[in-house]
Amino acid sequence: MKTLSLKKYEDRRLREGHLWIYSNEIDTAKTPLKTLTAGEQVVIEDFSGKKLGIATVSPQSLICARLISRDVKHPLDKSLLVHRLNQALSLRERFYPEPYYRLVYGDSDGLCGLVVDRFGDYCVVQTTTAGMELVKDEIVQALVKVLNPQGILFKNDSKARALEGLASYIEVAYGEVPDLVPLVENGVKFFAPVHEGQKTGWFYDHRESRAQLQRVVKGKRVLDVFSYAGSWGVQAAAFGAAEVTCVDASEFALDIVQKNAQANGLDNVKTLQGDAFQMLTELKQQGQQFDVIVLDPPAFMQKRKDHANGLQAYRRINELAMRLLVKDGVLVSGSCSMHLKTEELVDVIRGASRHLDKTAQVVFIGGQGADHPVHPAIPETSYLKCVMARVLSA
């Protein structure tokens, strides 16, 4: 195994718990990056030559290496994968009585570049680094040993792969995986479109915040905007909402909403297809009003440079939603933008309410669940926020 040497003092972040190594931290005179192949495993040494662990490398990237083990006796192989999967599984089983969760959350589970979502007997896998791509067969073997699933799907179509020079593909790597796989969230049945849907087919991250709907939707008229497969809206209906309307731009997603409503015997869920901003404007023009409105948009800030425009988009969508609320309505506003701070989302709600001469009361602030644990040394692993606010006339 080749060696990568760090410059003097550049080992501090690793010793404090971080897992990433940047190209400008490498002593390239001593250990040139250009001699390495993408995905290759190397031993990381500090300036004095002390071994710090094993990393997989991405020589052409700013993050040129990711620490995978702090013990040079344990490279990234089936044995290490089985160990890390068992560690990840034990955490999820403490918090979730049923086998529906994110089993592996990348860096936070010591497996940089790997995501695994579990849907009972099925696993959906995403690899986003060259290092993980090279051990995809070992990933399958480890999952079979730990879980013995009926099927494993590689859903490797994310944009992040292009940064590593990896091809985009979707393939069943083991057994069989149906187009729609069942799951249960907060006691509600769903089907996730794992082959054709977004990301892994489902978003487990907002589970805890969705559970809060039980407290506010009974007998209410609910609007679920950016609904995707209806994780919010169908749960609202199952929790006793009088009527639910799901809005999404995708006809495919709205078809899944109806399948999920039917799976729970619900006949009070309807759908509206179209651009969310336009649909909210049209609903206002029609004089529609709702007791509870959920906003769970895609990330309006993909990169740091998107902050100003993204913040404006959050302000606009939250104000459009508030215009549709009844006098004592509840707004549930989510964001998966890592570059938007929780306090900024709270301030967006404050600003929108005051612009409409209303008053907001924040009653709940949520984040990602235990199956998306935050790595305390890597702020990027904390990205999700959800603010529930009561909106009153001033």
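Just above sits the structure.
Remember, predicted model here, so these are calculated numbers, not experimental data. (Residues numbered from 1 in each chain as written. Predicted model: local features only at pLDDT ≥ 70, side-chain atom pairs only at ≥ 80, totals over all residues. Heavy atoms only, no water.)

**Some thoughts on the layout of surface pockets**
- Roughly 310 Å³ of internal volume is contained in the second largest pocket.
- Lining the second largest pocket are 14 residues, and of these Met338, His339, Lys341, Pro379 and Ser382 lie nearest its centre.
- Split into classes, the residues belonging to the lining of the second largest pocket amount to five nonpolar, four polar and five charged. (1 Å grid on protein atoms, 1.4 Å probe; cavity = no way out; pocket = protein on both sides within 12 Å on 5 of 7 lines; lining within 4 Å. Points joined across faces, edges and corners; volume = space filled by probe spheres on them. Nonpolar A, V, L, I, M, F, W, Y, C, P; charged D, E, K, R; others polar.)

**Observations concerning the nonpolar core**
- Of all hydrophobic cores here, the largest spans 42 residues; its most connected members are Phe119 and Val332.
- A total of five residues in this core trace back to one element, the largest contributor, which is helix α8 (residues 251-263). (Core = buried A, V, L, I, M, F, W, Y, C linked by side-chain atoms within 4.5 Å. Buried < 20%, exposed > 50% of the residue type's maximum accessible area, 1.4 Å probe, protein only. Helix = DSSP H or I, 4+ residues; strand = E, 2+ residues; numbered from the N terminus.)

**Quick notes on the pairing of strand β19 (residues 385-393)**
- As paired elements, strand β17 (residues 325-335) and β19 share seven bridges and run antiparallel to each other. Looking at β19, one finds that Gly334 is bridged to Cys386.
- With eight bridges joining them, strand β18 (residues 358-366) and β19 adopt antiparallel strand pairing. By the bridge assignment, Gly366 is partnered in β19 with Cys386. (Pairing = 2+ DSSP bridges.)

**Re the sheet that holds strand β1 (residues 2-5)**
- As summarised here, the arrangement of the five strands in space is β1-β3-β4-β5-β2, forming an open sheet in which the pairing is mixed. Of all the strands in the sheet, the pair left with one neighbour each is β1 and β2 (20-22). Ignoring which end each strand starts from, the neighbouring axes of this sheet average 40° apart.
- Examined bridge by bridge, strand β4 (residues 51-57) and strand β5 (residues 63-69) share four bridges and lie antiparallel to one another. Along β5, the bridge assignment pairs Val57 with Ala65. (Axes fitted to C-alpha atoms, helices over the stretch in contact; angles between N-to-C directions.)

**Details of the sheet that holds strand β10 (residues 169-175)**
- If you trace the five strands from one edge of the open sheet to the other, you get β6-β7-β8-β9-β10, paired in mixed fashion. Each edge of the open sheet carries a strand with a single partner, namely β6 (100-105) and β10. Each strand axis lies, on average, 20° off the axis of its neighbour in the sheet, ignoring direction.
- Two elements, strand β9 (residues 151-156) and β10, share six bridges in a ladder whose sense is antiparallel.

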